Amino acid sequence: MSPADRLSRPLKGMIVGQVRALFNDQARGERPVQRRDDALFPPDSVAWRVHGDVTSMLVGGIAALLLQMLHPSVLAGVWDHSGFRDDMQGRLRRTARFIAVTTYGAPDDARALLAKVRRIHDHIGGTLPDGTSYRASDPALLAWVHVSEVLSFLDGWIRYGEPGMSRADQDRYVAEMARIAEPLGVEAIPRTRAEAEALQAAMRPQLKVDARTRDVATVLLRQPAPSLAARPFQTITMQAAIDLLPGWARTMHGLERPGLGVPLLRAGTFGVASTLRWAFRG
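Residues numbered from 1 in each chain as written. Predicted model: local features only at pLDDT ≥ 70, side-chain atom pairs only at ≥ 80, totals over all residues. Heavy atoms only, no water.

Trainee: Tell me what's going on with the overall build of the chain, and back it up with residues and numbers.
Mentor: Helix and strand counts for the chain stand at 14 helices and 2 strands. Looking at the chain as a whole, 48% of its 282 residues qualify as buried. Of the roughly 13800 Å² of accessible surface on the chain, a fraction of 55% belongs to carbon and sulfur atoms. (Helix = DSSP H or I, 4+ residues; strand = E, 2+ residues; numbered from the N terminus. Buried < 20%, exposed > 50% of the residue type's maximum accessible area, 1.4 Å probe, protein only. Areas by Shrake-Rupley, 256 points an atom, 1.4 Å probe, with all protein chains shown as cover.)

Okay, here's the thing in structure tokens:
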């Protein structure tokens, strides 16, 4: 081992430990998901590339939540059936673990988790403030949730991981994600980026913002950091997520880009992403 490696090892270990603590509930005995060659997605899949980057996935995940809550029925499911005010960090952690297990984990574990989530959706429903009923298992709602995640994860990776990603690989990623969508009950599953964008555009007339939307968005964006060490990372990823949103979604939320600070924000986020990749390379 070189002198540089000996000096950097403690720093790498500290960074990796902080990240693993952020995404694994150690009180429940959770450990990082081990990558397996027999996972639902093979090692040469685009999903392994996209989902393996901590920073771009977190930025994309937050952007996806901001998009998803613009649909009144999706928002109602969160409002009526979750403790989002007290456990937003837990919600993000569970989402990250879902992605890790279904992408890299044992196939039986992945299928069991997908079945569990579908059963949960089957029992979530209620009535919107205007009297309209909703069900979380509605294929149209599931399609909105799915396409919001797929495009946000993909755009986060392109911006902070692979700016030159080919359109063919973007289409391949969208098609691969059908392996998650189908078991969850999504019916209108996009197979290309163009199809995903078309589905998103078709759903826009159903989207709205009200006091409840603003409340949930505020809880998401202003949640306290899990530790002092994580505070700078959380601040920059939240701002990067807002920047990643389509302009129309940012306008609906009443959120603004940091103006002339956009280049600095993107450079800073790219720097964080590069640092984490360096730390996880061992």
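Trainee: I'd like a rundown of helix 7 (residues 139–160), residues and numbers included.
Mentor: For helix 7, with 22 residues, the first-to-last C-alpha span of 31 Å sits near the 32 Å given by 1.5 Å per residue. Of all 22 residues in helix 7, 16 are buried; the element is thus mostly enclosed. (Expected span 1.5 Å × (residues − 1).)

Trainee: With reference to specific residues and values, describe the packing of helix 7 against helix 10 (residues 193–203).
Mentor: Packing of helix 7 against helix 10 leaves a shortest axis separation of 10 Å and a crossing angle of 125 degrees. Classed by the angle they form, the pair helix 7 and helix 10 counts as oblique. Handedness of the helix 7/helix 10 crossing: left-handed. Residues Ala140, Ala143, Trp144, Val147, Leu151, Leu154, Asp155 and Ile158 of helix 7 lie in contact with helix 10, whose contacting residues are Arg193, Ala196, Glu197, Leu199, Gln200 and Met203. Per-class residue counts for the contact of helix 7 with helix 10 are 10 nonpolar, 1 polar and 3 charged. (Axes fitted to C-alpha atoms, helices over the stretch in contact; angles between N-to-C directions. Parallel < 35°, antiparallel > 145°, perpendicular 65-115°, else oblique. Left-handed = near helix turned anticlockwise from the far one by under 90°. Contact = heavy atoms within 4.5 Å. Nonpolar A, V, L, I, M, F, W, Y, C, P; charged D, E, K, R; others polar.)

Trainee: Explain helix 8 (residues 167–176) to me, using residue names and the numbers behind them.
Mentor: Listing the buried residues of helix 8 in full gives Asp169, Gln170, Tyr173, Val174 and Glu176. Buried positions in helix 8, seen along its axis, are confined to an arc of 165 degrees and lie on one side of it. Packing partners of the buried residues in helix 8 comprise helix 2 (46–51), helix 7, helix 9 (178–184) and helix 10. (Arc of directions from axis to C-beta.)

Trainee: Account for the packing of aromatic side chains, with residues named and values stated.
Mentor: According to the stated counting rule, one finds 1 aromatic pair in the structure shown. Each ring, one from Trp48 and one from Tyr104, has its centre 5.0 Å from the other, and the planes form 70 degrees; the classification is edge-to-face. Taken together, the residues span a long stretch of sequence, with Trp48 in helix 2 and Tyr104 in helix 5 (residues 84–104) at a distance of 56 residues. If you follow Arg35 out to its NZ or CZ, it ends over the ring of Tyr104, 4.2 Å from the centre. (Phe/Tyr/Trp six-rings, centres within 6.5 Å; stacked < 30°, edge-to-face > 60°. Lys NZ or Arg CZ within 6 Å of the ring centre and 35° of its normal.)

Trainee: Help me get a handle on the pattern of salt bridges, residues and values and all.
Mentor: Overall, the coordinates contain 11 salt bridges when judged by the stated rule. Notably, a salt bridge pairs Asp108 with Arg111, separated by 3.5 Å at the nearest N-O pair. With Asp108 and Arg111 both in helix 6 (residues 107–122), this residue pair falls 3 residues apart, about one helical turn. For Glu197, the salt bridge is made with Arg193, and the minimal N-O distance between the two is 2.8 Å. On the criterion of helical spacing, the pair formed by Glu197 and Arg193 is a turn pair, its members being 4 residues apart in helix 10. Each of Arg49, Glu162 and Asp169 takes part in salt bridges that share partners, so that together they form one network. (Salt bridge = Lys/Arg side-chain N within 4 Å of Asp/Glu carboxyl O.)

Trainee: Pulling in residues and values, what's your account of the packing of helix 8 against helix 10?
Mentor: Following both chains from N to C, one finds helix 8 and helix 10 inclined at 60 degrees, their axes separated by 8 Å at the closest point. Classified by the angle their axes make, helix 8 and helix 10 are oblique. Residue-level inspection shows Arg167, Gln170, Asp171 and Val174 of helix 8 in contact with helix 10, the latter providing Arg193, Ala194, Ala196 and Glu197. In terms of residue class, the contact of helix 8 with helix 10 is built from 3 nonpolar, 1 polar and 4 charged.

Trainee: Lay out the nonpolar core with the relevant residues and their values.
Mentor: Nonpolar side chains in soluble globular proteins tend to end up buried together. Membership of the largest hydrophobic core comes to 69 residues, with the highest contact counts inside it found for Val50, Ile62, Leu66, Trp144, Tyr173 and Leu220. No other element matches the 12 residues that helix 7 contributes to this core. Not counting chain neighbours up to four residues away, the residues in contact with Trp144 comprise Leu67, Gln68, His71, Val74, Gln200, Met203, Leu207 and Trp248. (Core = buried A, V, L, I, M, F, W, Y, C linked by side-chain atoms within 4.5 Å.)

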